[in-house]
Amino acid sequence: ASAIQTRPRSVVLSAPDRRVSRSATTVDNLFKKRTNVALEILATERRYVACLESVVKNYKAGLEAQRVATAADVRAVFANVVAIYNTQRVLLQQYAERLDVWHPMQCVGDVFVRMAHFFKVYIEYAAKRAAADA
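Summary of the structure given here. (Residues numbered from 1 in each chain as written. Predicted model: local features only at pLDDT ≥ 70, side-chain atom pairs only at ≥ 80, totals over all residues. Heavy atoms only, no water.)

By the element assignment, T87 lies in helix α3 (residues 81-100). Excluding residues within four positions of it along the chain, T87 makes contact with M115, F118, F119 and V121. (Helix = DSSP H or I, 4+ residues; strand = E, 2+ residues; numbered from the N terminus. Contact = heavy atoms within 4.5 Å.)

Nonpolar side chains in soluble globular proteins generally cluster together in the buried interior. L42, Y95 and L99 are the most contacted members of the largest nonpolar core, which has 20 residues in total. At the level of elements, α1 (22-66), α2 (71-78), α3 and α4 (109-115) are the ones that each hand at least two residues to this core. The leading source of residues in this core is α3, at eight residues. (Core = buried A, V, L, I, M, F, W, Y, C linked by side-chain atoms within 4.5 Å. Buried < 20%, exposed > 50% of the residue type's maximum accessible area, 1.4 Å probe, protein only.)

Under the defined criterion, the tally for this structure stands at two aromatic pairs. When the centroid spacing of 6.4 Å and the interplanar angle of 20° are considered together, the rings of F31 and W102 count as stacked. Within this pair, whereas F31 is found in helix α1, its partner W102 is found in the loop between α3 and α4, the two being separated by 71 residues in sequence. For F31, a relative accessible area of 24% translates into the label partly exposed. By relative accessible area, which is 19% here, W102 ends up buried. (Phe/Tyr/Trp six-rings, centres within 6.5 Å; stacked < 30°, edge-to-face > 60°.)

This part is about the environment of L39. Structurally, L39 can be placed in helix α1. Considered as a pair, L39 and A96 are 57 residues apart in the sequence and their alpha carbons are 9.2 Å apart.

Take the pattern of salt bridges next. Two side chains that carry opposite charge are able to pair once their charged atoms sit near each other. Applying the stated rule across the entire model yields five salt bridges. With its nearest N and O atoms 3.6 Å apart, the salt bridge here joins E40 to R47. The exposure class assigned to E40 is partly exposed, which follows from its relative accessible area of 45%. A network of salt bridges, in which partner residues are shared, links R98, D110 and R114. (Salt bridge = Lys/Arg side-chain N within 4 Å of Asp/Glu carboxyl O.)

Spelled out as structure tokens, the structure:
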């Protein structure tokens, strides 16, 4: 068993007000660090999804509604940004649900692995973006 899976009650240090297990303290510190990283990823994903939502609902929809650009130009500029937005919304939802039940044994990598197939939308976006820039 790894140090994260169990809390050994080994070396006990004297402290002025309490006795603290060095192993438990290490596990707690690792958990706090993991939690901070997980929360930073969540905050970043929320900001990213909010930006994508703005692009889709304000810029793309505005250009389409006002007919400032041709439909072909809008498709070229925004490529498959709607598919990316939808993919990221699902990722954000699943990631947030995982953090709702966060505990020391919790992992998040599998959330990304399950979504890996859907990240292919970025390959399509990059290919269309390169064509639009040419």
